[in-house]
Amino acid sequence: MQKTLVIIKPSAIQRGLVGDVISRFEKKGLQIVGFKMMLLTDDMIKIHYSHLVDKPFFKRIKDSMQATPVLILALKGVDAVEVVRNMSGSTNSRKALSGTIRGDFSMSVQENIVHASDSVESSLAELKRFFTDEELFDYSPLIMPHLYSNDEY
Ligand code: IDP
Ligand code: MG
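Residues numbered from 1 in each chain as written. Chains lettered and ligands numbered in written order. Predicted model: local features only at pLDDT ≥ 70, side-chain atom pairs only at ≥ 80, totals over all residues. Heavy atoms only, no water.

Draft legend 1. Inspection of helix 4 (residues 58-65) at higher detail. Among all positions of helix 4, only Phe58, Ile61, Lys62, Ser64 and Met65 are buried. Angular distribution of buried residues about the axis of helix 4 spans 165°; they occupy a single face of the element. Of the exposed residues in helix 4, the ones pointing more than 90 degrees away from its buried face are Lys59 and Arg60. The elements touched by buried residues of helix 4 are strand 1 (2-8), helix 1 (10-14), helix 3 (42-48) and strand 3 (70-77). (Buried < 20%, exposed > 50% of the residue type's maximum accessible area, 1.4 Å probe, protein only. Helix = DSSP H or I, 4+ residues; strand = E, 2+ residues; numbered from the N terminus. Arc of directions from axis to C-beta. Contact = heavy atoms within 4.5 Å.)

Quick look at the structure:
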């Protein structure tokens, strides 16, 4: 089983899409194992988007990510990193496929509703960045036999 990190961005919070976004992950069969609200600090954003700090639009991204508090989720499932990334869709929402969160809910590159870890390696670093061990929960979904066959996990 993998765990992956999702940030529900201010664009989703302002537009009242929090329930829709979480509902998609729940309906897919991903398990919520961590959940919190926070206002991201400058340092958190610099680390989280370190690959973009030198871009001319970095300040715009930072301001956008601090426009409201964000919701941070840890989701668990088989191949969760790839599944959640595929459900999120391409960075440019105008090119993201219909059926994905960005493809269905947004029109922007920057205001694109969710962040999702892009690899197993980044999921491990991002989960550590935003959750302590105590904030990640271990519990068994009662519907497990209806989510997977027992050789899948
Ligand atoms: P990702 O969120 O699909 O992984 P990244 O390239 O890691 O995409 O970029 C992180 C975030 O920075 C994007 O989700 C988007 O909000 C913002 N961003 C990326 N590229 C641009 C750009 O060219 N203009 C404005 N914002 C951008
Ligand atoms: Mg990224």
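On we go from here.
Draft legend 2. Layout of unusual backbone geometry. At Asp79, a residue that is not glycine, the phi angle is positive and equals roughly 55°. Here Asp79 lies in the loop between strand 3 and helix 5 (80-88). Backbone geometry at Ile113 places phi at a positive 75°, although glycine is not the residue there. For Ile113, the location among the structural elements is in the loop between helix 6 (101-105) and strand 4 (114-116).

Draft legend 3. Spotlight on the pairing of strand 3. By the criterion of burial, strand 3 is predominantly enclosed, with eight of the eight residues buried. Here strand 3 shows two buried faces, one formed by Val70, Ile72, Ala74 and Lys76 and the other by Leu71, Leu73, Leu75 and Gly77. Pairing between strand 1 and strand 3: seven bridges, direction antiparallel. Bridge pairing in strand 3 places Ile8 opposite Leu71. Note that strand 2 (residues 31-38) and strand 3 share seven bridges and pair antiparallel. The residue bridging Lys36 from the neighbouring strand is Ile72, located in strand 3. (Pairing = 2+ DSSP bridges.)

Draft legend 4. Local environment of the site of ligand 1. Not every one of the 13 residues close to ligand 1 is listed here, only the nearest: His51, Arg85, Thr91, Gln110 and Asn112. Separating an oxygen atom of ligand 1 from a side-chain N or O atom of Thr91 is a distance of 2.5 Å. A distance of 2.9 Å is found between an oxygen atom of ligand 1 and a backbone nitrogen or oxygen belonging to Gln110. Compared with its free state, where it exposes 530 Å², ligand 1 has 81% of that area covered by protein. Taken atom by atom, the bulk of ligand 1 overlaps the largest pocket. Partitioning the shell around ligand 1 into residue classes produces five nonpolar, four polar and four charged. (Near = heavy atom within 4 Å. Polar contact = N/O pair within 3.5 Å; in protein donor to acceptor, adjacent residues only side chain to side chain. Areas by Shrake-Rupley, 256 points an atom, 1.4 Å probe, with all protein chains shown as cover. 1 Å grid on protein atoms, 1.4 Å probe; cavity = no way out; pocket = protein on both sides within 12 Å on 5 of 7 lines; lining within 4 Å. Sits in = over half its atoms within 2 Å of the grid points. Nonpolar A, V, L, I, M, F, W, Y, C, P; charged D, E, K, R; others polar.)

Draft legend 5. Structural context of the layout of surface pockets. Estimated volume of the largest pocket: approximately 580 Å³. Lining the largest pocket we find 25 residues, and of these Tyr49, His51, Leu52, Thr91 and His115 sit closest to its centre. For the lining of the largest pocket, the elements supplying multiple residues, two or more each, are helix 3, helix 4, strand 4 and helix 7 (120-130). Partitioned by chemical class, the residues of the lining of the largest pocket number nine nonpolar, nine polar and seven charged. (Points joined across faces, edges and corners; volume = space filled by probe spheres on them.)

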